[in-house]
Amino acid sequence: MTLTFYKYQGTGNDFVIIDNRQELFNKNDTKYVKFLCDRRFGIGADGLILLENHPDADFKMVYYNADGNESTMCGNGGRCIVAFAEFLGIFKNTTTFYAIDGLHHAKIEENLIHLQMKNVETIDTFTTHHFLDTGSPHHVQFVDNLKTFNVKAEGEKIRYGAPYNQAGSNVNFVEKINPNTFAVRTYERGVEDETLSCGTGVTAVAIAMYDSGESASNIINLNVEGGQLKVSFDKVEDTYKNVMLIGPATQVFKGEIEC
Ligand SMILES: N[C@H](CCC[C@H](N)C(=O)O)C(=O)O
């Protein structure tokens, strides 16, 4: 049997996306998902995304990291599945979908995907870093010379070290460009390497920078290895609401693979 897939990338975070509305994909075959994401033996991607039907929304998103395990919310993957759903004709302009962290609203404007992320109520702030969950867990810390920083080695230490341990966290290293712009490089849990961009990661960075006073703007630019993203939000009492992750999402190619 052949499996039709689409390859998407959102600021360099890349995904295999499958229209699984017929529910033919074997969701329990971790080894097969890992094979599809393998950059040498398979298609190659940071993650795999299934688009499925949902009774109360336009569609449902199921996300797997490159290690083959289902994981928490993927912001760049969320932007890519919105572009894919529009390509399939599931919606025009605005849409809603369910992901593991709940209902998401999204719209496409001037070729950019505007994805509403979950509200953020809790930010743990320490002398060395911040920790918050934007749909996935994120450790956020400033470094000098981000360009030459050893993201993989240092990210791995933090990701597997206390207090995260085996469950882990994604790790974002940050450099301030100006009060409204930050450069970010991310070590991603479940990819176990640096990715060119992490959507829930830049969302965490933007909120942490505002919350700690590093930025006074609620519209923040994030420069990532794979391009530029924008995050906007409203702080209502102690909660960050209307959190929007804004950026491009591109269909790179369509393919078929034996399964
Ligand atoms: N690796 C993350 C999920 C994907 C996050 C990232 N690709 C994004 O764009 O948010 C985790 O397991 O927590």
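The rules we used
- Residues numbered from 1 in each chain as written.
- Predicted model: local features only at pLDDT ≥ 70, side-chain atom pairs only at ≥ 80, totals over all residues.
- Heavy atoms only, no water.
- Helix = DSSP H or I, 4+ residues; strand = E, 2+ residues; numbered from the N terminus.
- Expected span 1.5 Å × (residues − 1).
- Buried < 20%, exposed > 50% of the residue type's maximum accessible area, 1.4 Å probe, protein only.
- UniProt positions renumbered as here; feature names shortened; annotations may be inferred.
- Contact = heavy atoms within 4.5 Å.
- Polar contact = N/O pair within 3.5 Å; in protein donor to acceptor, adjacent residues only side chain to side chain.

Turning our eyes to something else, we now look at helix α2 (residues 75-87). Over its 13 residues, α2 runs 19 Å from end to end, which matches the ideal 18 Å to within 8%, given 1.5 Å per residue. Among the 13 residues of α2, eleven are classified as buried, and the element is accordingly described as predominantly covered. In the stretch just after α2, Gly 89 is the one whose phi turns positive, near 85°.

Okay, the UniProt feature "active site" (unreviewed entry) in the protein next. Feature annotation in UniProt assigns "active site" (unreviewed entry) to the following positions: Cys 74 and Cys 198. The greatest C-alpha distance among the annotated residues, which extend across 125 residues, is 7.8 Å, indicating that they converge on a single site. Tracing the backbone shows Cys 74 in the loop between β4 (57-65) and α2. The residues contacting Cys 74, other than those within four sequence positions of it, are Phe 15, Met 61, Tyr 63 and Thr 200.

We now examine the side chain of Asp 46. On the secondary structure map, Asp 46 appears in the loop between α1 (30-37) and β3 (47-54). One polar contact links Asp 46 to Asn 13, side chain to side chain, over a distance of 2.8 Å. The contact partners of Asp 46, leaving out residues within four places of it in the chain, are Gly 12, Asn 13, Asp 14, Arg 39, Tyr 63, Asn 65, Ala 66, Val 191 and Thr 195.

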